[in-house]
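# What the coordinates show
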Amino acid sequence: MSKTVGVLALQGAYQKHVESLEKLGVACRLIRKAGELENCAALILPGGESTTISLLLQENGLYQPIKFFAQNHPVMGVCAGMIMMASEVDDKRVTPLALLPFKAQRNFYGRQVHSFTDDIKLTFDSKPFNAPFIRAPGIKNPSAEIKVLATHKEETVMIGCGKHVALSFHPELTDDTRIHEYWLSRSNNF
Ligand code: GLN
């Protein structure tokens, strides 16, 4: 199986994920059409604007192919990408992919001016992670099979289920590659 990671590149903060993967020595490929998912072993849904990404997934015929791909390949959703992974979103303009059973609440932490960086606690590593939150969504009503992977104060900010992970902050904007590494380590393909 190929070890190339696809990075959805319709809109938003995809380029920085390429740099994080390069730092880990992992090959990657920008995804703008369904055919480009072929030979990818995993997929990152980056941050951006979930209403726009939702529209572009439909317009570019990527909605069903990504759902199909996610049945047996790991997906990591970051911020708007996390919103796309939810089974429910508090904004009817977004049609989520329903890859993980939880509800995403858009802009849970407020607007752009309320963006912040703070240490979060990881369940899989004893060292905290300094995480940038940018108009970050909230993770609400996760169902029982979902594991909490990181918390900020009382809030869950990263979850996982099977090979998939979803997080409300932006690890690609830091030099710390532990989140990407952890996600890839959940799959035997890397
Ligand atoms: N607030 C954005 C949304 O709802 C997400 C922000 C981000 O991806 N940094 O889509």
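Just above sits the structure.
Notes on the structure follow. The residue count restarts for each chain, going from 1 along the sequence in the order it is written. Local features in this predicted model are restricted to residues of pLDDT 70 or higher, and side-chain atom pairs are both shown and tallied only at a pLDDT of 80 or more, whereas totals for entire chains, interfaces and linings draw on every residue. As a convention, hydrogens and water are excluded, and side-chain values are obtained from all of the structure's heavy atoms.

## Thoughts on unusual backbone geometry
As a reminder of what qualifies: For the purposes of this entry, the term helix denotes a DSSP run of H or I that reaches at least four residues, the term strand denotes a run of E that reaches at least two, and both are numbered from the N terminus.
We note that Asn 107 has phi near 50°; this positive angle belongs to a residue other than glycine. By the element assignment, Asn 107 lies in the loop between strand E6 (103-105) and strand E7 (116-122). Even without a glycine there, the phi angle at Asn 141 is positive, about 45°.

## Digging into the packing of aromatic side chains
Heads up, the condition is: Pairing of aromatic rings covers Phe, Tyr and Trp, the last through its six-membered ring, and needs centres within 6.5 Å; plane angles under 30 degrees mean stacked, over 60 mean edge-to-face, and all others mean tilted. Think of it in three bands: with a 1.4 Å probe and only protein chains considered, a residue is buried below 20% of the maximum accessible area for its type, exposed above 50%, and partly exposed in between.
Applying the stated criterion across every chain, the model contains 7 aromatic pairs. On the numbers, 5.0 Å between centres and 90° between planes, the contact of Phe 108 with Tyr 109 is edge-to-face. Given the relative accessible area of 28%, Phe 108 is considered partly exposed. Overall, the relative accessible area of 18% leaves Tyr 109 in the buried class.

## What about the sheet that holds strand E12 (residues 164-167)?
Going by this rule: Paired strands are those between which DSSP finds at least two bridges. To get an axis, fit a line to the C-alpha atoms, keeping to the stretch in contact for a helix; angles then go from 0 to 180 degrees between the N-to-C directions.
Read from one edge to the other, the open sheet built from 9 strands follows the order E2-E1-E3-E4-E12-E11-E10-E7-E8, with strand pairing classed as mixed. Only two strands of the sheet have a single neighbouring strand rather than two, namely strand E2 (28-31) and strand E8 (129-133). In this sheet, adjacent strand axes meet at a mean angle of 25° when their direction is disregarded.

## Here we look at the site of the ligand
Where we set the bar: Only a single heavy atom is needed: when it lies within 4 Å of a molecule or strand, its residue is near that molecule or strand. Whenever two N or O atoms come within 3.5 Å, that pair is a polar contact, provided that in protein one can donate a hydrogen and the other can accept it, and provided that, for residues adjacent in sequence, both atoms are side-chain atoms. Put simply, the grid is 1 Å and covers the protein atoms alone, a cavity is a trapped set of points that fit a 1.4 Å probe, a pocket is an open set with protein on both sides within 12 Å along at least five of seven lines, and lining residues have an atom within 4 Å of a point. The rule for placing a molecule in a cavity or pocket is simple: more than half of its atoms must lie within 2 Å of the grid points. Polarity classes work like this: nonpolar for Ala, Val, Leu, Ile, Met, Phe, Trp, Tyr, Cys and Pro, charged for Asp, Glu, Lys and Arg, and polar for all others, with Gly in that last group.
The ligand sits among Gly 47, Gly 48, Glu 49, Ser 50, Cys 79, Ala 80, Ile 83, Arg 106, Asn 107, Ile 134, Arg 135 and His 170. At 2.9 Å, a backbone N or O of Gly 48 approaches an oxygen atom of the ligand. Using a 2 Å cut-off from the grid points, one finds that the ligand occupies the largest pocket. Taken together, the residues of the shell around the ligand sort by class into 4 nonpolar, 5 polar and 3 charged.

## Some thoughts on the sheet that holds strand E5 (residues 88-89)
Here 3 strands make up an open sheet; going across it, the order is E5-E6-E9 and the pairing mixed. The open sheet has two edge strands with one neighbour each: E5 and strand E9 (138-140). Here E5 runs beside E6; their pairing, made up of 2 bridges, is parallel. Directly across from Glu 88, in E6, lies its bridge partner Lys 103.

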